[in-house]
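Listed here are the chains, written in short residue letters.
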Amino acid sequence: MSDTRPKLLIVEDDPGLQRQLRWAYEDYQLFIAGDRDEAIEMLRAEAPDVVTLDLGLPPDPDGTSEGFATLAEMLRIKPDIKVIVASGHGARESALDAIAGGAYDFYQKPVDIDELGLIVRRAFHVHALERENVRLAETAPEDGRVLGRLITGAPEMLKVARTIERVASANVSVLLLGASGTGKELLAQGLHDASPRRDGAFVAINCAAIPETLLESELFGHEKGAFTGAIKMTPGKIEQAQGGTLFLDEVGDIPLALQVKLLRFLQERVIERIGGRQPISVDTRIVCATHQDLDAMIVAGNFREDLYYRLAEISVRIPMLKDRPGDPALLARHFLTRFARDMNPQVKGLAPDALVALDSWTWPGNVRELENRMKRAVIMADGKLITAADLDLDDERADGGDVVNLKAAREMADRRAIRRAIARTDGNISGAAKILGISRPTLYDLLKQYQMQG
Ligand SMILES: Nc1ncnc2c1ncn2[C@@H]1O[C@H](COP(=O)(O)OP(=O)(O)OP(=O)(O)O)[C@@H](O)[C@H]1O
């Protein structure tokens, strides 16, 4: 049977290290090259997706790096490979330059097999994700519209994106269910862009952010003189989205009286502005979202069941960021690139302790929280790398009101202890296990259980 394991090329001239690596990475088909020529040959013959490259290869006493030339050549031959560079001999700066030149990430020598293992795994993950994105963009132009702007490698989230793409062209109402900051608006916009209405307007309104007394006018508009202060006719959001899509965020916050009016619009496709005498036909698609349990609200009499069925022909549940393994690091890189460009161009990457912190944080505010923290970290970072300290993930605050039961409290305590231990040992798993007083396999089990690896 043919070997289906992913292909990893290791360019390393130290025979001792070669042996160690060969033993450590059974999950991959390993190709080990001792010098540049061999590396290029293996790259052409085997087309691996991920390469680790010793920058100091072959040992060059004068400090000019053969490794850089090898890196450039490899990327020229196969631009989509992920090349992880090793900065030996304390030459961390040169590794960062290599990243600027197209390398994917770096590890420091002496090699910590576990840490390198994490980076390699993440590199395969990113590679697969990019390939999937390219494939989707090529096979169906429409698909890229949702997936194109969505940064994720998590199967659950990719499933969400595909569902959105599928429902975009169908004439059905869609309800997005997810906590704050999970990307509901982004997905609603994606749905609009992938739908036949893409040339119309996309209008968003957050029903929870508008006082009840103003919401009717916001949604339905008003005629001049309809109430004190109505100095001119103002169309509502439903009308503004004519021919396009209206995104109603926090739809559970619409008061019952207005729910009736919204229902009428959905049934008859006409609205009446406040103070207006004429029904106006409007062709607007409604996409809604909520973080509330609408079923419970229906039972409690706070949400109309008939409206619910009109709004939620299809409901799509969006997972929390902490339940999307690998995504925090992926998104962090995305935001880093974006913010660094405008705010602090010297910032090039994430330090290993930052990656560990990103993976272990529970992200109560989801992607929005990550975005804000990365913005702050990019501004605050002193060097080329963002560290865990720059991210300022503050445990105590999250402990505040969120702990609902003993299991959750334990998980949070476990995560915190693990994160601190790993940060203290600079990513060394054996050392961290020692600090925690558990065995290495137990620590691996916990990391897996809490999805703390990318
Ligand atoms: N998967 C993702 N990839 C890239 N950016 C994302 C992703 N998810 C969310 N974002 C970004 O994170 C921020 C928050 O997302 P968004 O506003 O869509 O969340 P939301 O669920 O609508 O939040 P809220 O309910 O609090 O309004 C936005 O800037 C959005 O562009």
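Residues numbered from 1 in each chain as written. Predicted model: local features only at pLDDT ≥ 70, side-chain atom pairs only at ≥ 80, totals over all residues.

Novice: Residues and numbers for the site of the ligand, please.
Specialist: Close contacts around the ligand come from 16 residues, with Ile-151, Ser-180, Gly-183, Lys-184 and Glu-185 the closest. Of all the secondary-structure elements, those providing two or more residues to the shell around the ligand are α8 (184-194) and α16 (366-380). Class assignment for the residues of the shell around the ligand results in five nonpolar, six polar and five charged. (Near = placed C-beta within 6 Å. Helix = DSSP H or I, 4+ residues; strand = E, 2+ residues; numbered from the N terminus. Nonpolar A, V, L, I, M, F, W, Y, C, P; charged D, E, K, R; others polar.)

Novice: Outline the packing of helix α2 (residues 36-46) against helix α3 (residues 66-77), supporting the account with residue identities and numerical values.
Specialist: Helix packing geometry: the angle between the two helix axes and the distance between the axes. The interhelical angle for the contact between α2 and α3, taken along N-to-C directions, is 15°, at an axis separation of 11 Å. The pairing of α2 with α3 is recorded here as roughly parallel in orientation. α2 and α3 meet at a crossing whose hand is right-handed. Residue-level contacts link Arg-36, Ala-39, Ile-40, Leu-43 and Arg-44 of α2 to Glu-66, Thr-70, Glu-73, Met-74 and Ile-77 of α3. Per-class residue counts for the contact of α2 with α3 are five nonpolar, one polar and four charged. (Axes fitted to C-alpha atoms, helices over the stretch in contact; angles between N-to-C directions. Parallel < 35°, antiparallel > 145°, perpendicular 65-115°, else oblique. Left-handed = near helix turned anticlockwise from the far one by under 90°. Contact = placed C-beta atoms within 7 Å.)

Novice: Go over α3, please, and point to the residues and values.
Specialist: The terminal C-alpha atoms of α3, which comprises twelve residues, lie 17 Å apart, in line with the 16 Å expected from a rise of 1.5 Å per residue. The set of residues buried in α3 consists of Gly-67, Thr-70, Leu-71 and Met-74. Along the axis of α3, the buried positions cluster into a sector of 100°, meaning they face one direction only. Relative to its buried face, α3 has exposed residues pointing more than 90 degrees away, namely Ala-69 and Arg-76. (Expected span 1.5 Å × (residues − 1). Buried ≥ 20, exposed ≤ 12 C-beta atoms within 10 Å, placed from the backbone. Arc of directions from axis to C-beta.)

Novice: Tell me about the nonpolar core, and please be specific about residues and values.
Specialist: Residues Ile-164, Leu-176, Ala-188, Leu-191, Leu-248, Val-251 and Cys-288 are the most contacted members of the largest nonpolar core, which totals 37 residues. For this core, the secondary-structure elements that each account for two or more residues are α7 (155-169), β6 (174-177), α8, β7 (202-206), α9 (212-220), β10 (245-249), β13 (285-290) and α13 (305-311). The greatest single-element share of this core, amounting to five residues, is contributed by α7. Those residues in contact with Cys-288 that lie beyond four places of it in its chain are Leu-175, Leu-248, Val-251 and Leu-311. Counting 36 residues, the second largest nonpolar core, distinct from the first, contains Leu-321, Ala-332, Val-347 and Ala-377. (Core = buried A, V, L, I, M, F, W, Y, C linked by C-beta atoms within 7 Å.)

Novice: Outline the sheet that holds strand β14 (residues 314-317), listing residues and values.
Specialist: Pairing within the open sheet is parallel, and its five strands lie in the order β7-β10-β13-β6-β14. With one partner strand each, in any of the chains shown, β7 and β14 form the two edges of the open sheet. Neighbour to neighbour, the strand axes of the sheet diverge by 20° on average, direction disregarded. Bridging between β7 and β10 involves five bridges; their strand directions are parallel. Paired with Phe-202 across the bridge in β10 is Thr-245. (Pairing = 2+ DSSP bridges.)

Novice: How would you summarise the sheet that holds strand β4 (residues 82-87) if you had to cite specific residues and measurements?
Specialist: Taking strand neighbours across the sheet as the criterion, the five strands line up as β2-β1-β3-β4-β5 in an open arrangement whose pairing is parallel. The open sheet is flanked by β2 (29-33) and β5 (105-108), the only strands paired with a single partner. On average, each strand axis in the sheet is inclined to that of its neighbour by 20°, with strand direction left out of account. When strand β3 (residues 50-54) meets β4, the two strands line up parallel, connected through five bridges. Bridge pairing links Val-51 to Val-83 in β4.

Novice: How would you summarise helix α20 (residues 429-436) if you had to cite specific residues and measurements?
Specialist: Buried within α20 are the following residues: Ile-429, Ala-432 and Ala-433. Take α20 and look down its axis: the buried residues cluster within an arc of 100°, on one side only. Among the residues trailing α20, Gly-437 stands out with phi positive, at a value near 75°.

Novice: Account for the pairing of β10, with residues named and values stated.
Specialist: Burial of β10 is extensive: five of the five residues sit out of reach of the surface. Side chains Thr-245, Phe-247 and Asp-249 of β10 all project onto a buried face; the interleaved residues Leu-246 and Leu-248 project onto the opposite face, where all are buried too. Sheet topology places β10 next to β13; four bridges connect them, and they run parallel. Each bridged residue has a counterpart across the sheet, and for Phe-247 the counterpart in β13 is Val-287.

Novice: Can you break down the confidence of the model for the protein residue by residue, with the values?
Specialist: For the protein, per-residue confidence averages 85 on the pLDDT scale, and residues scoring 70 or more make up 90% of the total. Taking the mean pLDDT of every element in the protein, the minimum, 48, falls on helix α18 (residues 395-402) and the maximum, 97, on β10. Segment residues 140-144 is flagged for pLDDT under 50; beyond a separation of four residues in sequence, or across chains, it makes seven contacts in the model. Here residues 396-401 scores under 50 on pLDDT; set against residues more than four positions off or in separate chains, the count is three contacts. Across the whole predicted complex the pTM is 0.65, and at the interface the ipTM reaches 0.97. (pLDDT = per-residue confidence, 0-100.)

Novice: Any details on the packing of helix α14 (residues 327-343) against α16? Residues and values, ideally.
Specialist: Following both chains from N to C, one finds α14 and α16 inclined at 45°, their axes separated by 9 Å at the closest point. Judged on the interaxial angle alone, α16 and α14 are oblique. You can see that α14 and α16 cross each other, and the crossing is right-handed. Contact residues: Pro-328, Leu-331, Ala-332, Phe-335, Leu-336, Phe-339, Ala-340 and Met-343 in α14; Val-367, Leu-370, Glu-371, Met-374, Lys-375, Val-378 and Ile-379 in α16. Among the residues forming the contact of α14 with α16, the class breakdown is 13 nonpolar, no polar and two charged.

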